[in-house]
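# Coordinate analysis (summary)
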Amino acid sequence: DSGVTQTPKHLITATGQRVTLRCSPRSGDLSVYWYQQSLDQGLQFLIQYYNGEERAKGNILERFSAQQFPDLHSELNLSSLELGDSALYFCASSVGEETQYFGPGTRLLVL
Amino acid sequence: EDKVVQSPLSLVVHEGDTVTLNCSYEVTNFRSLLWYKQEKKAPTFLFMLTSSGIEKKSGRLSSILDKKELFSILNITATQTGDSAVYLCAVRIQGAQKLVFGQGTRLTINP
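Residues numbered from 1 in each chain as written. Chains lettered and ligands numbered in written order. Predicted model: local features only at pLDDT ≥ 70, side-chain atom pairs only at ≥ 80, totals over all residues. Heavy atoms only, no water.

## Details of the state of the cysteines
Throughout the structure, instances matching the rule amount to two disulfides over all chains. A sulfur-sulfur distance of 1.8 Å marks the disulfide that ties Cys23 of chain A to Cys91 of chain A. Since a negative S-S torsion denotes a left-handed disulfide, the Cys23 of chain A-Cys91 of chain A link at about -45° is left-handed. Remark: Cys91 of chain A occurs in strand E9 (residues 87–94) and Cys23 of chain A occurs in strand E3 (residues 19–24); sequence separation between them is 68 residues. Accessibility assignment for this pair places Cys23 of chain A and Cys91 of chain A in one class, buried. Between the sulfur of Cys23 of chain B and that of Cys89 of chain B lies a disulfide, 1.9 Å long from S to S. Disulfide Cys23 of chain B-Cys89 of chain B: the torsion about the S-S bond is -65°, which places it as left-handed. Here the residue Cys23 of chain B occupies a position in strand E3 (residues 19–26), and Cys89 of chain B occupies one in strand E9 (residues 85–93), the gap between them amounting to 66 residues. The same class applies to Cys23 of chain B and to Cys89 of chain B, which are both buried. (Disulfide = S-S within 2.5 Å. Helix = DSSP H or I, 4+ residues; strand = E, 2+ residues; numbered from the N terminus. Buried < 20%, exposed > 50% of the residue type's maximum accessible area, 1.4 Å probe, protein only.)

## Some words on the pattern of salt bridges
Residues and elements named next belong to chain A. Applying the stated criterion to the full structure yields five salt bridges over all chains. In this structure, Asp29 and Arg26 form a salt bridge, with 2.8 Å as the shortest nitrogen-oxygen distance. The exposure class of Arg26 is partly exposed, given its relative accessible area of 23%. The shortest N-O distance in the salt bridge between Glu82 and Arg63 comes to 3.7 Å. With Glu82 in the loop between strand E8 (74–78) and E9 and Arg63 in the loop between strand E6 (53–57) and strand E7 (64–68), this pair connects stretches of sequence that are 19 residues apart. The network of salt bridges with shared partners includes Arg63, Glu82 and Asp85. (Salt bridge = Lys/Arg side-chain N within 4 Å of Asp/Glu carboxyl O.)

## Some words on a nonpolar patch on the surface
A contiguous nonpolar patch, built from Ile12, Leu109 and Leu111 of chain A and spanning about 310 Å² of accessible area, is present on the exposed surface. Structurally, the position occupied by Ile12 of chain A is in strand E2 (residues 10–13). (Patch = residues over 30% accessible without salt bridge, like charges linked within 9 Å, V, L, I, M, F, W, Y side chains within 5 Å. Areas by Shrake-Rupley, 256 points an atom, 1.4 Å probe, with all protein chains shown as cover.)

## Here we look at the nonpolar core
Counting residues in each nonpolar core, the largest one holds 24 residues, and the members touching the most others are Tyr25, Leu33, Trp35 and Val91 of chain B. Contributions of two or more residues to this core are made by E3, strand E4 (30–38), strand E5 (43–49), strand E7 (61–66), strand E8 (71–76), E9 and strand E11 (105–110) of chain B. A per-element tally of this core places E9 of chain B first, with five residues. Contact partners of Tyr25 of chain B, with chain neighbours within four places excluded, come to Lys3, Val4, Phe30, Leu33, Leu65, Asp66, Lys67, Leu70, Phe71 and Val91 of chain B. With 20 residues, the next largest nonpolar core counts Tyr89, Cys91, Leu108 and Val110 of chain A among its residues. (Core = buried A, V, L, I, M, F, W, Y, C linked by side-chain atoms within 4.5 Å. Contact = heavy atoms within 4.5 Å.)

Take it as geometry only, folks, not as evidence of what the structure does.
In structure tokens form, the structure reads like this:
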């Protein structure tokens, strides 16, 4: 158990819908990272927040957005969902900018 | 474009064998290389390597980095069925916040 928690574990929704994935980092970690893992793409970095502010952006679609709240938990919002958005979404946290510890992931299925 | 390539993609061995997993990288400004083990869901951290030639060891697992030749290896000796997993290699770029992941090696240990 890495200490990073994510909810929900599984999510099934329809195309065009919007969902919110939640992440709580390890105690004391200020950085939160979001990754998408699909079968054909591997683990892809989406976005990072550090102490409430966006720090870095990766291959994140405009339909996706994220934020980090004052209590350091983070939410990833996915809207206008498409079939291709089906994937595992991981959150990771780190105390500084080195080792990232991953949460258990949210499996999203878009039907 | 920053790239991390792992080989082999898949490996099946018998319990008790020793395996070597490879990770090569081409990145703009290397900072560190990390190995993760992914079983059913979340990648779990194994090692972080920053200096060439210094072996990191944890039980039957060990890893070393060669910054001149731009690769790392992960060795597992006396393999057990519990070692079956996908092993991910990731490189952190100097100044960047993200990890660039390889596609992973799927290791299967047969009893």
